[in-house]
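Below, each chain spelled out in residue letters.
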Amino acid sequence: MGRLGYPYLGSHHSPKEFRDFPLFYGPSTTRRTLFKSAGKATAVLAAAALTLSACSTGPASSTSDASTSSTSSSQFPATIKHVFGETTVKEQPKRVVTVSWVNDDVALALGVVPVGVPKNEWGGNEQGSTPWKDAALKELGSGFGSDKAPVQFSEADGINFTEIAKLTPDVILAAYSGLTEEDYKKLTEIAPVVAHPEVAYGTSWQDATSIIGKALGKNAEATRLIADTEATVKAEAAKYPQIAGKSFIYGYTDPADLTATGFYTANDNRPKFLSAIGMKLAPVAEKASAGSKDFFVPWSAEKANELEADIFLTSVEDAATAAAVKSDPLLGQIPAIKNGAFVADADKSLVLAISASSPLSLPWALDTFLPQLARAADNVTAAVK
């Protein structure tokens, strides 16, 4: 349990993993879990870098274009509203630190190398990073292991105030996060903090990009990055027309802990992404989302048969767990699972890429994730015949 008696809200973990591997905590006791082609991620980054690299900040800082620098400077002071009030960034930051997920991805996609980033201790590689982050850092000449790489710090026990303070940042980016007010106040003693706008871990990647773009003096670049990434997602999804219009539930199932059963609401980035590619949130999840600020709704496994949707998605520890879900006397009654329209992903990096969506992670994930969805959609059609 975190301070104030709240569980850490490691947004990419299962309810069981909260107990075993705490990360972040927020103002809710709600539990949540998260949901390859590096070439595409690099392509998106490269497209952005062509116009953005001239005004990068952080360890790889360089300003070779005076007019670009002038335009960026004219965007300050920048005042950003968020859940705890508002933060004013007086001038273009030179030393950027990020917390949580997504924020470092966005900064890198905008050509900014932070001086410090959290390790990816869930869903990451042996470097405590991700394939898409590694590709972006390499593109910017700041790969881990080099002199210009960001400092990495652990967030396994919550916000690492000590290590962040050592980095003497000009701004701390937390547009996608689950900061508590206590966290926020402590961080503001170090530097201006750009917190999440409303719902903990509920900031869409588009909003996170806009917010961070404003904080870094890159409004136009952020707008362009959003449009380019949305176009990439749309183009790739169009290759699988069977996905469009299918209803879905992104849930969590574990035969070893039936009390953890539940699903994500429209506030979560998993349903947001699936809706964006033309799928429809199932009525039971849509009803639970109405007027709610929760991202996860617990559901009795005894009522699993009421989780009506064309496709049911979940993350699992391994293939054996997926098989156990299918054969479980309660969870196996979920209609989509019975029909073979079940997407159970054990690839933690892929789960992270979708649930902590960013302009870097989504292009990386599409080649693997979309075919999985398409196969499930094909099984829906076959079941109807």
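Residues numbered from 1 in each chain as written. Predicted model: local features only at pLDDT ≥ 70, side-chain atom pairs only at ≥ 80, totals over all residues. Heavy atoms only, no water.

In the nomenclature of an unreviewed UniProt entry, the protein chain corresponds to ABC transporter substrate-binding protein from the organism Pseudarthrobacter psychrotolerans. The heading Sequence similarities (unreviewed entry) in the UniProt record of the protein chain holds the text "Belongs to the bacterial solute-binding protein 8 family." (UniProt positions renumbered as here; feature names shortened; annotations may be inferred.)

What follows is about empty space enclosed by the protein. Here the largest cavity is characterised by a volume of approximately 80 Å³. Forming the walls of the largest cavity are S100, W101, V102, D104, D105, P118, N120, T130, W132, K133, L352 and A356. If you list the elements that add at least two residues to the lining of the largest cavity, you get α4 (103–109) and α5 (131–139). The residue makeup of the lining of the largest cavity, split by class, is six nonpolar, three polar and three charged. (1 Å grid on protein atoms, 1.4 Å probe; cavity = no way out; pocket = protein on both sides within 12 Å on 5 of 7 lines; lining within 4 Å. Points joined across faces, edges and corners; volume = space filled by probe spheres on them. Helix = DSSP H or I, 4+ residues; strand = E, 2+ residues; numbered from the N terminus. Nonpolar A, V, L, I, M, F, W, Y, C, P; charged D, E, K, R; others polar.)

What follows is about the layout of surface pockets. Volume-wise, the largest pocket comes out at about 260 Å³. Elements with a contribution of two residues or more to the lining of the largest pocket: α8 (205–215), α9 (219–237) and α10 (269–276). Per-domain counts for the lining of the largest pocket show at least three residues from each of domain 1 (78–236) and domain 2 (241–384). (Domains from an automatic or database assignment.)

Let's shift gears to α5. Every buried residue of α5 is listed here: W132, K133, D134, A135, A136 and L137. A positive phi of about 70° marks G141, the residue just after α5. (Buried < 20%, exposed > 50% of the residue type's maximum accessible area, 1.4 Å probe, protein only.)

Turning to the packing of aromatic side chains, a few remarks are in order. Scanning the entire structure with this criterion turns up nine aromatic pairs. With centroids separated by 4.8 Å and ring planes inclined at 55°, the aromatic side chains of W132 and W364 adopt a geometry described as tilted. Here W132, found in helix α5, pairs with W364, found in helix α15 (residues 361–384); they are 232 residues apart in sequence, far enough to count as distant. Here the two residues W132 and W364 agree in accessibility, since each one is buried. (Phe/Tyr/Trp six-rings, centres within 6.5 Å; stacked < 30°, edge-to-face > 60°.)

Turning to α8, a few remarks are in order. Within the sequence span of α8, burial applies to W205, A208, T209, I211, I212, G213 and A215. Count one or two residues on from α8 and you reach G217, which has phi positive near 75°.

Once that is clear, we can look at the pattern of salt bridges. Evaluated as defined, the whole model comprises eight salt bridges. Salt-bridge contacts for E181 lead to K185; the nearest nitrogen and oxygen are separated by 4.0 Å. On the criterion of helical spacing, the pair formed by E181 and K185 is a turn pair, its members being four residues apart in helix α7 (residues 181–188). Given a relative accessible area of 45%, E181 falls into the partly exposed group. Between K348 and E317 there is a salt bridge, with its nearest N and O atoms 3.4 Å apart. Here K348, found in helix α14 (residues 348–355), pairs with E317, found in the loop between β14 (311–315) and α12 (319–327); they are 31 residues apart in sequence, far enough to count as distant. (Salt bridge = Lys/Arg side-chain N within 4 Å of Asp/Glu carboxyl O.)

This paragraph deals with the side chain of T203. You can see T203 is positioned in the loop between β9 (193–194) and α8. Using a relative accessible area of 3% as the deciding quantity, one classes T203 as buried. Here the side chain of T203 touches A175 through a polar contact of 2.7 Å, landing on its backbone oxygen. With near-sequence residues (within four places) excluded, T203 lies in contact with A175, Y176, H196, P197, A208, N269 and K272. (Polar contact = N/O pair within 3.5 Å; in protein donor to acceptor, adjacent residues only side chain to side chain. Contact = heavy atoms within 4.5 Å.)

Here we come to the packing of α8 against α9. In contact at an axis separation of 7 Å, α8 and α9 are set at 160° when each is read in the N-to-C sense. Between α8 and α9, the interaxial angle falls into the category roughly antiparallel. Of the two elements, α8 crosses α9, and the hand of that crossing is right-handed. Along the contact surface, α8 presents W205, Q206, T209, S210, G213 and K214, while α9 presents N219, A222, L225, I226, T229 and E230. (Axes fitted to C-alpha atoms, helices over the stretch in contact; angles between N-to-C directions. Parallel < 35°, antiparallel > 145°, perpendicular 65-115°, else oblique. Left-handed = near helix turned anticlockwise from the far one by under 90°.)

Assignment of secondary structure puts D134 in helix α5. Despite its burial, D134 pairs with no opposite charge; the closest candidate is K133, at 7.3 Å N-O. In terms of polar contacts, D134 uses its side chain to reach the side chain of S129, at 2.7 Å. Excluding residues that lie within four positions of it along the chain, D134 makes contacts with N125, Q127, S129 and F144. (Lys, Arg positive; Asp, Glu negative; His and termini not counted.)

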